[in-house]
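Structural features, examined
Single-letter residue listing:
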Amino acid sequence: MSKKLHLISLGCTKNLVDSEVMLGRLKSYEITPLIEKADVIIVNTCGFIEAAKQESLSVLFEALERRKKGAILVASGCLSERYHEELLREIPEIDIITGVGDYDKIDQMVRERQGFHSGEVFLASEEQERVITGSSVHAYVKLSEGCNQTCSFCAIPQFKGKLHSRTLESTLKEVKNLIARGFTDFSFIAQDTSSYLRDHGEKEGLIQLIGALDSLEGIKSARILYLYPSTASAKLIQAIQKSQVVQNYFDMPLQHIAESMLKRMKRGANQKKHKELLERMRQVPHSFVRTTLILGHPGESEEEFEELCRFLEEFRFDRVNLFAYSDEEGTSAHKMEGKLDKKVINARLKRLDKIIQKQHKALLKEMVGQEIPVILEGESSEHEFFYSARDARWAPEIDGEILINETLLPQPAPGHYWAKITQVAGKQLLATLTRRWEK
């Protein structure tokens, strides 16, 4: 009888790739959705902000309580890297504590029931076999680890170090391997994707990747997540627009728009550069522009917040993620004066969220009647009589779901199609699958 494995991947999509590497190393195990049945429980933690730390700890304590006798509990990932000594000291019941450098040694750790902590940062490559979860069509590809930016609020460079890009050859080999396994849709991720290969002396590494993707057989669609304002360029936007594969999807976290706040946050680019990039993105036909904002950074004044509100109402992003400022030790913002009361921050979050929700509702209504390329993932997990799809521009589990309630094609398999949007139901779109999408 095969042993059973239960894996919980917390935090961002970059964590998911590392989790899939661990699943590849433990592919002899049967994956189980039940903690109580598992012989090995892996919690791939996140330690980016306070809320993520608390969630990781909560999941670890729940696993300790629910695991069966003799089951091995593993804590891996960012929290384990950042607070390795504290976890060893405070929660000795965890059997294996490992950080962000040894995902490819998880099988040896489980076999020896001993954690490794090399202090290095693991960078995925084409050499690691991954067990892709959640889709038979889509796969994430990680371009780099670490970050050369010095944002005032971010602790990631403390435990992931400086930018470390994999080679273009390595990236393309992995994509080819995944295509051979049947994957046709890809999302390329990193902490700062627009800096890809800059540590190798290549300022236009991402543009080189886009050109190479267009020449690959078997790839139908892709998108790039997490561009950085100081390293993105008009030339990069043009390369995305011209690509036959990479979608007109622009995900560039701004964090703020007021000039004084951008300086305080150490974003590396001024307001003019931010706005110029955004306008170029919006001018691309059928572009989809997403961003992330942080509210309540030390020193954020009412005037700066109002400026952000006005900009958000004027520009109208396709999607916006909002975060409350998290006061992280070791960051320059942690030492700043002018910390805001949580009630003020929450009020600002609610104000911006109202603007975003109103815009999102209007954007969905505008899609009704359009026939668009979509990626069908299979049956919807929330609605048993519907298929689950997404706009080909959208990133999985981030930008939304389109429910297919009618199809002109009998029993469609997961893949690329065209669909006509018929109506908005709450916060979701309903659509009819009309025809296959041939590249």
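Residues numbered from 1 in each chain as written. Predicted model: local features only at pLDDT ≥ 70, side-chain atom pairs only at ≥ 80, totals over all residues. Heavy atoms only, no water.

1. Overview of the overall build of the protein chain
- Check the secondary structure of the protein chain and you find 13 helices and 18 strands.
- For 439 residues, the compact-globule estimate of 2.2 N^0.38 gives 22 Å, and the C-alpha radius of gyration of the protein chain, at 22 Å, lies within 12% of that figure.
- By its C-alpha atoms, the protein chain is 60 × 55 × 45 Å across when sized along the principal axes.
- For the protein chain, contacts bridging at least 24 residues in sequence account for 72% of all contacts bridging at least 6.
- In the structure as shown, the protein chain presents an accessible area of about 19800 Å², 49% of it carried by carbon and sulfur atoms.
- Across the protein chain, the 61 positively charged side chains and the 64 negatively charged ones have centroids separated by 2 Å. (Helix = DSSP H or I, 4+ residues; strand = E, 2+ residues; numbered from the N terminus. Rg over C-alpha atoms; globule rule 2.2 N^0.38 Å. Contact = heavy atoms within 4.5 Å. Areas by Shrake-Rupley, 256 points an atom, 1.4 Å probe, with all protein chains shown as cover. Lys, Arg positive; Asp, Glu negative; His and termini not counted. Charge placed at Lys NZ, Arg CZ, Asp CG, Glu CD.)

2. Description of the pairing of strand β15 (residues 387-391)
- With four of five residues buried, β15 lies mostly within the body of the structure.
- Where strand β14 (residues 371-379) and β15 come together, five bridges link them in antiparallel fashion. By the bridge assignment, Gly378 is partnered in β15 with Ser388.
- Taken together, the three bridges between β15 and strand β16 (residues 402-407) define a ladder with antiparallel strand orientation. Residue pairing across strands places Tyr387 opposite Ile404, the latter belonging to β16. (Buried < 20%, exposed > 50% of the residue type's maximum accessible area, 1.4 Å probe, protein only. Pairing = 2+ DSSP bridges.)

3. Structural notes on the environment of Leu7
- Tracing the backbone through its elements, the reader meets Leu7 in strand β1 (residues 4-9).
- Exposure remark for Leu7: the relative accessible area of 21% places this residue in the partly exposed category.

4. Structural notes on the side chain of His274
- Mapped onto the elements, His274 comes out in helix α11 (residues 271-283).
- According to the relative accessible area criterion, His274 is buried, its value standing at 0%.
- Within polar-contact distance, the side chain of His274 engages the backbone oxygen of Asn270 at 2.8 Å.
- Aside from chain neighbours lying at most four places away, what touches His274 is Pro229, Met252, Leu254, Ile257, Leu262 and Ala269. (Polar contact = N/O pair within 3.5 Å; in protein donor to acceptor, adjacent residues only side chain to side chain.)

5. Thoughts on the sheet that holds strand β13 (residues 319-324)
- Overall, parallel pairing links the three strands, which are arranged β11-β12-β13 in an open sheet. Only two strands of the sheet have a single neighbouring strand rather than two, namely β11 (249-251) and β13. Across the sheet, the mean angle from the axis of one strand to that of its neighbour is 10 degrees, orientation sign disregarded.
- Of the strand pairs in this sheet, β11 and strand β12 (residues 288-295) are connected by three bridges, and their pairing is parallel. (Axes fitted to C-alpha atoms, helices over the stretch in contact; angles between N-to-C directions.)

6. Looking at unusual backbone geometry
- Positioned with a positive phi, Arg113 is a non-glycine residue whose angle comes to about 50 degrees.
- The residue Lys266 is not glycine, and still its phi comes out positive at about 60 degrees.
- For Lys266, the location among the structural elements is in the loop between α10 (259-264) and α11.

7. What about the pattern of salt bridges?
- For the structure on display, the rule yields 36 salt bridges.
- Its salt-bridge partner being Arg223, residue Asp185 comes within 2.7 Å of it at the nearest N-O pair. One end of the pair, Asp185, is in strand β9 (residues 185-189); the other, Arg223, is in strand β10 (residues 221-224), and 38 residues separate them in sequence. Comparing Asp185 with Arg223 shows no difference in burial state: the two are buried.
- Where Glu377 meets Arg390, a salt bridge forms, and the shortest distance between an N and an O atom there is 3.4 Å. One end of the pair, Glu377, is in strand β14; the other, Arg390, is in strand β15, and 13 residues separate them in sequence.
- Owing to a relative accessible area of 23%, Glu377 belongs among the partly exposed residues under this scheme.
- A relative accessible area of 3% means that Arg390 is categorised as buried.
- Each of the salt bridges in this network shares a partner with another, and the network as a whole consists of Glu50, Lys53, Arg82, Glu328 and Glu329. (Salt bridge = Lys/Arg side-chain N within 4 Å of Asp/Glu carboxyl O.)

The values reported here are purely geometric and, on their own, carry no functional implication.
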